[in-house]
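# Understanding the architecture of this molecule
Given next are the chains, with one letter for each unit.
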Amino acid sequence: TTKTSLRIGILYEDTQMTKFAGLDLLGNLAPQIIDLVAEIMPTIAPFKQLAIPMEFLYISSSRELTKTTPYMYVKPTHTYENGLIDLKIILLGGPNLMTVKEGSLTFLQWASQQTKIMLTTCSGAMWLVRSGVLDGKKASTNRMMLGAAKMVFPKVEWLDQRWVFDAGAFRGRTNLDCWRC
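Residues numbered from 1 in each chain as written. Predicted model: local features only at pLDDT ≥ 70, side-chain atom pairs only at ≥ 80, totals over all residues. Heavy atoms only, no water.

## Points about the overall build of the chain
Summing up its helical and strand segments, the chain has five helices and eleven strands in all. Scored against the burial criterion, the 181 residues of the chain give a buried share of 45%. Taking as baseline every contact in the chain between residues at least 6 positions apart, the subset at least 24 positions apart corresponds to 60%. Here the chain has roughly 10,000 Å² of accessible surface; of this, 59% comes from carbon and sulfur atoms. (Helix = DSSP H or I, 4+ residues; strand = E, 2+ residues; numbered from the N terminus. Buried < 20%, exposed > 50% of the residue type's maximum accessible area, 1.4 Å probe, protein only. Contact = heavy atoms within 4.5 Å. Areas by Shrake-Rupley, 256 points an atom, 1.4 Å probe, with all protein chains shown as cover.)

Right, dumping it as structure tokens:
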């Protein structure tokens, strides 16, 4: 049976590259990587049947190069307006919250109704919060930013813990995680 691709949207607005380290780990479950490793280590071949086809969509306010650290640039594959549907996971790293584009906030409001899982790392939770979709919900963020988050976004129940799971307006179960930076 042919497996359908797991479509993963990554919001990319001047975000640190380290915020997406987990994405690389997830990508290691894709058929291309398992096939590559199985060529080097034939004992891995039985795991090929468990591989998960994945499609990574790098989403930004434009398709122009966007900066990441350390002085590297990424070319987004999609914009917030160009018909992104059927995303199963959205990942948000922590950009400068003062400069995120309004289009990203509108997209997150729409996506919160369409997407099964929304993952955040570090201060990325505050990007999601800024869109308004976490008002009245539990969330966590970078421990250094927690005090500021409580003051700036008082409609969210901020928790000092690594993982926060909260269901609600999202299509499925929402997983908001924070890697304490």
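## Points about the pattern of salt bridges
Oppositely charged side chains can pair when the atoms bearing their charge come close. Counted by the stated rule, this structure contains four salt bridges. Residues Glu 55 and Arg 7 are paired through a salt bridge, measuring 3.1 Å at the closest nitrogen-oxygen approach. Taken together, the residues span a long stretch of sequence, with Glu 55 in strand 2 (residues 54-60) and Arg 7 in strand 1 (residues 6-11) at a distance of 48 residues. For Arg 7, a relative accessible area of 17% puts it in the buried group. We note a salt bridge from Asp 86 to Lys 88, for which the minimum N-O separation is 2.9 Å. The exposure class assigned to Asp 86 is partly exposed, which follows from its relative accessible area of 44%. Accessibility expressed as a relative area gives 25% for Lys 88, which makes it partly exposed. (Salt bridge = Lys/Arg side-chain N within 4 Å of Asp/Glu carboxyl O.)

## Brief notes about the packing of aromatic side chains
Scanning the model with the defined rule gives four aromatic pairs in all. Plain terms: the ring middles of Tyr 12 and Tyr 58 are 6.3 Å apart, the flat faces sit at 70° to each other, and that makes the pair edge-to-face. Pair noted here: Tyr 12 is in the loop between strand 1 and helix 1 (21-27) and Tyr 58 is in strand 2, with a separation of 46 residues, a long-range link. The buried category is assigned to Tyr 12, whose relative accessible area is 4%. The class of Tyr 58 is partly exposed, set by a relative accessible area of 25%. Plain terms: the ring middles of Phe 107 and Trp 110 are 5.9 Å apart, the flat faces sit at 40° to each other, and that makes the pair tilted. One end of the pair, Phe 107, and the other, Trp 110, are both in helix 3 (residues 102-114), three residues apart, so they sit about a helical turn from each other. Owing to a relative accessible area of 4%, Phe 107 belongs among the buried residues under this scheme. Taking the relative accessible area as the measure of exposure, Trp 110 reaches 36% and is therefore partly exposed. Aromatic ring contacts, followed pair by pair, group Tyr 12, Phe 20 and Tyr 58 into a single cluster. (Phe/Tyr/Trp six-rings, centres within 6.5 Å; stacked < 30°, edge-to-face > 60°.)

## What about the confidence of the model for the chain?
With 90% of its residues at a pLDDT of 70 or more, the chain has an overall mean of 84. Looking over the chain, one finds the lowest element-wise mean pLDDT in strand 11 (residues 174-177), namely 38, and the highest in helix 2 (residues 31-40), namely 95. Within the model, the stretch residues 171-181 combines pLDDT values under 50 with 51 contacts to residues more than four positions away or in other chains. (pLDDT = per-residue confidence, 0-100.)

## Remarks on the side chain of Thr 66
With respect to the element layout, Thr 66 can be found in strand 3 (residues 66-68). The contact partners of Thr 66, leaving out residues within four places of it in the chain, are Tyr 12, Glu 13, Asp 14, Met 72, Tyr 73, Val 74 and Pro 76.

## Some words on a nonpolar patch on the surface
Where nonpolar side chains cluster on the molecular surface, the patch consists of Leu 36, Ile 40 and Met 41 and spans about 320 Å² of accessible area. Relative to the elements of secondary structure, Ile 40 occurs in helix 2. (Patch = residues over 30% accessible without salt bridge, like charges linked within 9 Å, V, L, I, M, F, W, Y side chains within 5 Å.)

## A short note on the nonpolar core
The biggest cluster of nonpolar side chains holds 28 residues, and the ones touching the most others in it are Leu 11, Ile 59, Ile 90, Phe 107, Trp 127 and Trp 158. For this core, the element with the highest residue contribution is helix 4 (residues 124-130), accounting for five residues. With sequence-adjacent residues up to four places away left out, Ile 90 is seen in contact with Gly 9, Leu 11, Phe 107, Ala 111, Thr 115, Ile 117, Met 118 and Leu 119. Residues Ile 8, Phe 20, Leu 23 and Leu 91 belong to the second largest nonpolar core, which totals nine residues. (Core = buried A, V, L, I, M, F, W, Y, C linked by side-chain atoms within 4.5 Å.)

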